[in-house]
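Single-letter residue listing:
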Amino acid sequence: MDFQFNEEQRMAIEGARRFSQEKLAPAAAEFDEKAEVNLKGLKELGRLGYLGMTVPEDYGGSAMGAVAYAGSMVEVSKADAGVAVGMSVQNSLVNDAILHFGTEAQKTEFLPKLSSGEWIGCFSLTEAGAGSDPASMRTTAARDGQSFVLNGTKNFTTNGGIADVIIVFTRGGPDGRNNSTFLVKKETPGFSVGKHEHKMGIRSSSTTELVFQDCRVPASALLGEEGKGLKIALTTLDGGRIGIAAQAVGIAEAALDESVRYAKERIQFGKPIAELEGVQFMLADMATEVELAKTMLFRVAWMKESGHKRFTKEAAMLKLFASEMSHRVCHKAVQVHGGYGYMKEYKVERLYRDQRITEIYEGTSEIQRYVIARTLLGA
Ligand SMILES: Cc1cc2nc3c(=O)[nH]c(=O)nc-3n(C[C@H](O)[C@H](O)[C@H](O)COP(=O)(O)OP(=O)(O)OC[C@H]3O[C@@H](n4cnc5c(N)ncnc54)[C@H](O)[C@@H]3O)c2cc1C
């Protein structure tokens, strides 16, 4: 595509492509098969500057910006979408939340270690009874003098099993409506990692329950204002959706590349299936959809980078389109491969499974439609 990247952006994306193809892609099938977290791959991305891409250099980040981040996420996702979601959470849910809502002391303490990959972070909002409706969460934070005591269980937390720092969302106050956010270090007494999920896709990523049992944190662990927890969550998720859209685009682009290669090699009726119009039409539709989603991706990333205060509607449209596009493209990729596409020896089998989550996390497609409609109707 001919989106005009500047030299730094081009180099960042090229670097991500090289690292992902050399180091992540060859091992991706094995991590998937064993459902083993590729922590080494994720940490290596940190050492190369890809875990602090929107963090200013003063706080130890590489300050490459949201456009370079989106392009790099596409490249990492093409190789291993499980590693990519870890990168997305670190950059756009954890770092961005601390950058925008943290105190100077929190930024100085957390951002350099997160940006370098020395520490891994997670963003824990969902609970068993609170998914699309986070306001119904039950994890509580009760003030006790100069500290807060946290109780409750979060679930489905990406990076949960490997996190050094947990951003956790709670409710409190006399009527239980006082939503607040805390930065909890993993060694805090009363915190533990619960069940590790056994997943359909993105199996090289960690997804776990997180348990808080009389977990006492100092008042200085409060992220942003007391009572503003849900606002922090929703504002941060706008940026997060750029990362997930980039993941969806990367998976789709990989599925397209695999399909073009396979169509040229596979002979039926005495010629490559790429010469059959029915197959060509599938490839043409796939390429067109990937291109369109990529254009949207860089536009919304540019909005974030150039300081647009809110881009809620655009981020929701992007995430909705890119994730459902990725579904259609991966579906066709398996079709182009015929029976071989159903077999684990072929990459499109994994891409088809990995893609599915992009329509669910950081807000399901239905929730994205709800957000878009609410903005359109001025509600
Ligand atoms: C692998 C994985 C990783 C995850 N990582 C994280 C993470 O790091 N941090 C975190 O906090 N959460 C995480 N999640 C949780 C994820 O964000 C939620 O699963 C998602 O928001 C949906 O919530 P739910 O699963 O409870 O589904 P539900 O909310 O129960 O939804 C069930 C169905 O009802 C539909 N529905 C619900 N409400 C509406 C509505 N108002 N209008 C129309 N339809 C509606 C949904 O679209 C869906 O189709 C992760 C989940 C998975 C599977």
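First, a word on scope: everything that follows refers to the structure included in this document. Just so we're clear, the structure is a prediction, and the values are computed from it rather than from any experiment. Just so you know, the residues in each chain are numbered from 1, in the order the chain's sequence is written. At least 70 in pLDDT is required for a residue's local features to be given in this predicted model, at least 80 for side-chain atom pairs to be given and counted, and no such filter applies to totals for whole chains, interfaces and linings, which use all residues. Only heavy atoms go into the side-chain values, all of them from the structure, while hydrogens and water stay out.

**Some thoughts on the sheet that holds strand E1 (residues 121-124)**
So, point 1. One open sheet holds the three strands; their spatial order is E1-E4-E5, and the pairing between them is mixed. A strand with exactly one partner marks an edge of an open sheet, and here the two such strands are E1 and strand E5 (180-185). Between one strand axis and the next, the sheet turns by 20 degrees as a mean value, whatever way the strands run.
So, point 2. For two strands to count as paired, DSSP must find a minimum of two bridges between them. Helix and strand assignments follow DSSP, with helices taken as H or I runs no shorter than four residues and strands as E runs no shorter than two, numbered in order from the N terminus. As paired strands, E1 and strand E4 (residues 165-170) are joined by four bridges and run parallel to one another. Residue pairing across strands places serine 124 opposite valine 168, the latter belonging to E4. Think of each axis as a best-fit line through the C-alpha atoms, taken over the contacting stretch in the case of a helix, with angles from 0 to 180 degrees between the N-to-C directions.

**Examining the layout of surface pockets**
So, point 1. Of the pockets and cavities examined, the largest pocket occupies roughly 1,200 Å³.
So, point 2. Around the largest pocket, the lining comprises 48 residues; the ones closest to its centre are Thr126, Ile360, Tyr361, Glu362 and Gly363.
So, point 3. At the level of secondary structure, the elements contributing two or more residues to the lining of the largest pocket comprise helix H4 (81-101), E1, strand E3 (147-158), helix H6 (229-265), helix H9 (347-356) and helix H10 (365-376).
So, point 4. When residues of the lining of the largest pocket are assigned to their parent elements, the largest contribution, six residues, is made by H6.
So, point 5. Cavities and pockets were defined on a 1 Å grid built over protein atoms only: a cavity is a set of grid points that admits a 1.4 Å probe from which the probe cannot escape, a pocket is an open set flanked by protein on both sides within 12 Å along at least five of seven lines, and lining residues are those with an atom within 4 Å of any such point. Around the second largest pocket sit 20 residues that line it, and His100, Lys304, His308, Lys309 and Phe311 are the ones nearest its centre.
So, point 6. Among the elements of the structure, H4, H6 and helix H7 (277-305) are those that each provide at least two residues to the lining of the second largest pocket.
So, point 7. Note that Gly is not counted as nonpolar here; it falls among the polar residues with everything else outside the nonpolar set of Ala, Val, Leu, Ile, Met, Phe, Trp, Tyr, Cys and Pro and the charged set of Asp, Glu, Lys and Arg. A per-class count over the lining of the second largest pocket returns four nonpolar, nine polar and seven charged.
So, point 8. Both domains that meet at the lining of the second largest pocket, namely domain 1 (7-120) and domain 3 (230-376), each give it at least three residues. Grid points are joined across faces, edges and corners, and a volume is the space filled by probe spheres set on the points. In this entry, domain limits derive from an automatic or database-based domain assignment.

**Re the nonpolar core**
So, point 1. Here, nonpolar core means buried Ala, Val, Leu, Ile, Met, Phe, Trp, Tyr and Cys residues that are tied together by side-chain atoms lying within 4.5 Å of each other. Three labels apply to residues, based on accessible area from a 1.4 Å probe with only protein chains included: buried if under 20% of the type maximum, exposed if over 50%, partly exposed otherwise in between. In this structure, Met87, Ile167 and Leu297 are the most contacted members of the largest nonpolar core, which totals 90 residues.
So, point 2. With 17 residues, H6 is the single largest residue contributor to this core.
So, point 3. If sequence neighbours within four positions are ignored, methionine 87 has contacts with Leu42, Leu45, Tyr50, Leu51, Met53, Tyr69, Ser72, Met73 and Val76.
So, point 4. Ranked by size, the runner-up nonpolar core spans 16 residues in total, among them Cys122, Ala163, Cys215 and Ala221. Contacts between residues were defined by any pair of non-hydrogen atoms, one from each residue, lying within 4.5 Å.

**As for the pattern of salt bridges**
Where side chains of opposite charge bring their charged atoms close, a pairing between them can arise.
So, point 1. Each salt bridge in this description consists of a side-chain nitrogen of Lys or Arg and a carboxyl oxygen of Asp or Glu lying within 4 Å of one another. What the rule picks out here adds up to 26 salt bridges.
So, point 2. Notably, a salt bridge pairs glutamate 30 with lysine 34, separated by 2.8 Å at the nearest N-O pair. Here glutamate 30 pairs with lysine 34, and both are found in helix H1 (residues 7-34), just four residues apart, close to one helical turn.
So, point 3. Its relative accessible area of 47% is what places glutamate 30 among the partly exposed residues.
So, point 4. Arginine 353 is the partner of aspartate 32 in a salt bridge, and the nearest nitrogen-oxygen pair spans 2.8 Å. In this pair, aspartate 32 sits in helix H1 while arginine 353 sits in helix H9, placing the two residues 321 residues apart along the sequence. Of the two residues, aspartate 32 and arginine 353, neither departs from the other in class, the shared state being buried.

**Points about the packing of helix H8 (residues 312-336) against H10**
So, point 1. The contact between H8 and H10 brings their axes to 9 Å, and the two run at 145 degrees. Every pair of crossing elements has a handedness; the one defined by H8 and H10 is left-handed. Residues Thr312, Lys313, Ala316, Met317, Lys319, Leu320, Ser323 and Glu324 of H8 lie in contact with H10, whose contacting residues are Ser365, Gln368, Arg369, Val371, Ile372 and Thr375.
So, point 2. When the residues that make up the contact of H8 with H10 are grouped by side-chain class, the tally is five nonpolar, five polar and four charged. Definitions for this section: a left-handed crossing has its near helix turned counterclockwise from the far helix by less than a right angle. A right-handed crossing has that turn clockwise.

**Looking at the site of the ligand**
So, point 1. A cutoff of 4 Å decides nearness: a residue is near a molecule or strand if any of its heavy atoms lies inside that distance of it. Neighbouring the ligand are 18 residues; Thr126, Ser132, Phe156, Thr364 and Glu366 lie closest to it.
So, point 2. One nitrogen or oxygen atom from the side chain of serine 132 is found 2.6 Å from an oxygen atom belonging to the ligand.
So, point 3. Working definition of accessibility: Shrake-Rupley area with a 1.4 Å probe, residue cover restricted to the visible protein chains. Protein burial of the ligand: of its 980 Å² of free accessible surface, 63% is covered by the chains.
So, point 4. Placement in a cavity or pocket follows one criterion, namely that more than half of the molecule's atoms lie within 2 Å of its grid points. Its atoms largely coinciding with the cavity grid, the ligand occupies the largest pocket.
So, point 5. Mapped by element, the contributors of at least two residues to the shell around the ligand are E1, E3 and H10.
So, point 6. The element contributing the most residues to the shell around the ligand is E3, with three residues.
So, point 7. Among the residues making up the shell around the ligand, the classes are represented as seven nonpolar, eight polar and three charged.
So, point 8. Split by domain, the residues of the shell around the ligand number at least three in each of domain 2 (123-226) and domain 3 (230-376). Polar contacts here mean pairs of N or O atoms no more than 3.5 Å apart (in protein, one a potential hydrogen donor and the other a potential acceptor; neighbouring residues in sequence count only if both atoms are side-chain atoms).

**With respect to the packing of aromatic side chains**
So, point 1. Ring pairs shown here join Phe, Tyr and Trp side chains whose ring centres sit within 6.5 Å, with only the six-membered ring taken for Trp; geometry is labelled stacked below 30 degrees between planes, edge-to-face above 60, and tilted in between. Taken as a whole, this structure holds seven aromatic pairs when the rule is applied.
So, point 2. Each member of the aromatic cluster is reached from another via a ring pair, and the members are Tyr262, Tyr340 and Tyr346.
So, point 3. Criterion for a charge above a ring: Arg CZ or Lys NZ at most 6 Å from the ring centre, at most 35 degrees from the ring normal. Sitting above the plane of the tryptophan 119 ring, lysine 113 keeps its charged end 5.0 Å from the centroid.

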